[in-house]
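Observations on the three-dimensional arrangement
Here is what each chain is made of, one letter per residue.
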Amino acid sequence: MKTFLARIGPGVLVGLVAFPVLAGDHSYTFYDMGFLGCPSDPYTEATDVNDSGVVSASSVVNGCREGHAFTWFNGVKTDLDDAYEAGNFASAEAIGRTGVIMGGGLPPAYVLDMRDGVVTLHDPPAGCEENEYPKGMNDAGTIIVGQCDRTGSGDIVPAVYWIEAGTSLDLDLFDDLPADATGEARGVNDDGVVIGVVDGEQRSFIWQDGVLSEIFNGLGGVGVVVTAINNHGLIVGLAGTPNDFPAMSYDMNTGVM
């Protein structure tokens, strides 16, 4: 599952935990992970970190034209592309406790994972012509995909939750949204609880045991955008206050934001 990990846009510096700065009784260290091979546009994005401190990340190579997945551990980068003979391991989106890495490849296989050095390509689930890049994975290997194209021409269902290889559940949207509204899965914990957002709306949902529920704003403003969930049911993201849209945490067990 995700621990705190800064996701910084174009630029080389990517924070694992943050800089020799004291915050209360805690200090944090900021690491420069470098980049794989694009000096003119050095871009690196850290996406996840497991309990052993191995970071999954993505960078660009070959004249800044191709994305490559890599891992970072104790200052050492390992490019994952060499292990994917069928094409380009373009992005690493999540890493599990046992070192399983889930990411995105080039068409026709957008979703892949690497276990013990062996890469497996995952075709879109039944009923999906195409799917967007993967969004998350739990330590049991359950994968969530942001969206699924029913016909290959834009008939999108809100989100796809892969229970196991070849099996999926669609997450229906709220009844009061327009028929053409879409959504996106954002995270899944080891209990199979999925969180996501509604595209075009600052609304977020929880999917648990077949039940879809909305996360309502508890900070006195409008809008909730979730980004991650842990095994304790603590969800983080953004939410509106009367004057701002700050980072927030939401406990799904108590309903407190």
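Residues numbered from 1 in each chain as written. Predicted model: local features only at pLDDT ≥ 70, side-chain atom pairs only at ≥ 80, totals over all residues. Heavy atoms only, no water.

**Regarding the overall build of the protein chain**
On a plain count of helices and strands, the protein chain comes out with zero helices and 24 strands. Expressed as a percentage of the 257 residues in the protein chain, the buried residues total 46%. Residue pairs in contact within the protein chain that sit at least 24 positions apart in sequence constitute 36% of those at least 6 positions apart. (Helix = DSSP H or I, 4+ residues; strand = E, 2+ residues; numbered from the N terminus. Buried < 20%, exposed > 50% of the residue type's maximum accessible area, 1.4 Å probe, protein only. Contact = heavy atoms within 4.5 Å.)

**Overview of the sheet that holds strand β19 (residues 194–198)**
Strand pairing in a sheet is mediated by backbone hydrogen bonds. Such pairs are either parallel or antiparallel. The strand order across the open sheet built from four strands is β18-β19-β20-β21, with neighbouring strands paired in antiparallel fashion. The outermost strands of the open sheet, each flanked by one partner alone, are β18 (183–188) and β21 (211–215). Averaged over all pairs of adjacent strands, the angle between their axes in this sheet comes to 30 degrees, without regard to strand direction. Bridge analysis of β19 against strand β20 (residues 204–208) gives four bridges, and the strand direction is antiparallel. Bridge pairing links Gly-196 to Phe-205 in β20. (Pairing = 2+ DSSP bridges. Axes fitted to C-alpha atoms, helices over the stretch in contact; angles between N-to-C directions.)

**Comments concerning the pairing of strand β12 (residues 134–137)**
As a general feature of sheets, a regular strand has side chains that alternate between the two faces. The pairing of β12 with strand β13 (residues 143–145) spans three bridges and is antiparallel. Within β13, the residue paired with Met-137 across the bridge is Ile-143. Hairpin connection of β12 to β13: five residues between the antiparallel strands, including Gly-141 at a positive phi of 90 degrees.

**Points about the packing of aromatic side chains**
Within this structure, the stated rule accounts for two aromatic pairs. Between Tyr-161 and Trp-207 the ring centres are 5.2 Å apart and the planes differ by 70 degrees, which places this aromatic pair in the edge-to-face class. Here the residue Tyr-161 occupies a position in strand β16 (residues 160–164), and Trp-207 occupies one in strand β20, the gap between them amounting to 46 residues. Judged by relative accessible area, Trp-207 falls into the buried class, the value being 11%. (Phe/Tyr/Trp six-rings, centres within 6.5 Å; stacked < 30°, edge-to-face > 60°.)

**Some remarks on the pattern of salt bridges**
Applying the stated criterion to the full structure yields seven salt bridges. Put simply, Glu-214 and Arg-203 hold a salt bridge, and the shortest N to O gap is 2.8 Å. Of this pair, Glu-214 sits in strand β21 while Arg-203 sits in the loop between β19 and β20, placing them eleven residues apart in sequence. Several salt bridges share partner residues, and in doing so they unite Asp-51, Arg-97 and Asp-139 into one network. (Salt bridge = Lys/Arg side-chain N within 4 Å of Asp/Glu carboxyl O.)

**Describing unusual backbone geometry**
Positioned with a positive phi, Asn-74 is a non-glycine residue whose angle comes to about 50 degrees. In this structure Asn-74 comes out as exposed when scored by relative accessible area, which is 64%. Its identity as a non-glycine residue notwithstanding, Asp-209 has a phi of 55 degrees, on the positive side. On the secondary structure map, Asp-209 appears in the loop between β20 and β21. For Asp-209, a relative accessible area of 68% puts it in the exposed group.

**Regarding the confidence of the model for the protein chain**
Atom-level detail of predicted coordinates should not be read off regions where pLDDT is low. Chain-level statistics for the protein chain give a pLDDT mean of 79 and a share of 82% at 70 or above. Strand β24 (residues 247–251) holds the highest mean pLDDT among the elements of the protein chain, 97, whereas strand β1 (residues 21–23) holds the lowest, 58. With pLDDT under 50 throughout, residues 1–19 is counted as low confidence; its partners more than four residues away or in other chains account for 68 contacts. (pLDDT = per-residue confidence, 0-100.)

**Quick look at the environment of Ile-215**
Its place among the elements puts Ile-215 in strand β21. Residue classification places Ile-215 among the buried residues on the basis of a relative accessible area of 2%. Residues Ile-215 and Gly-196, spaced 19 residues apart in sequence, show a C-alpha to C-alpha distance of 9.9 Å. When neighbours within four sequence positions are excluded, Ile-215 is seen to be in contact with Ser-204, Phe-205, Ile-206, Val-224, Val-226, Ile-235, Tyr-250 and Met-257.

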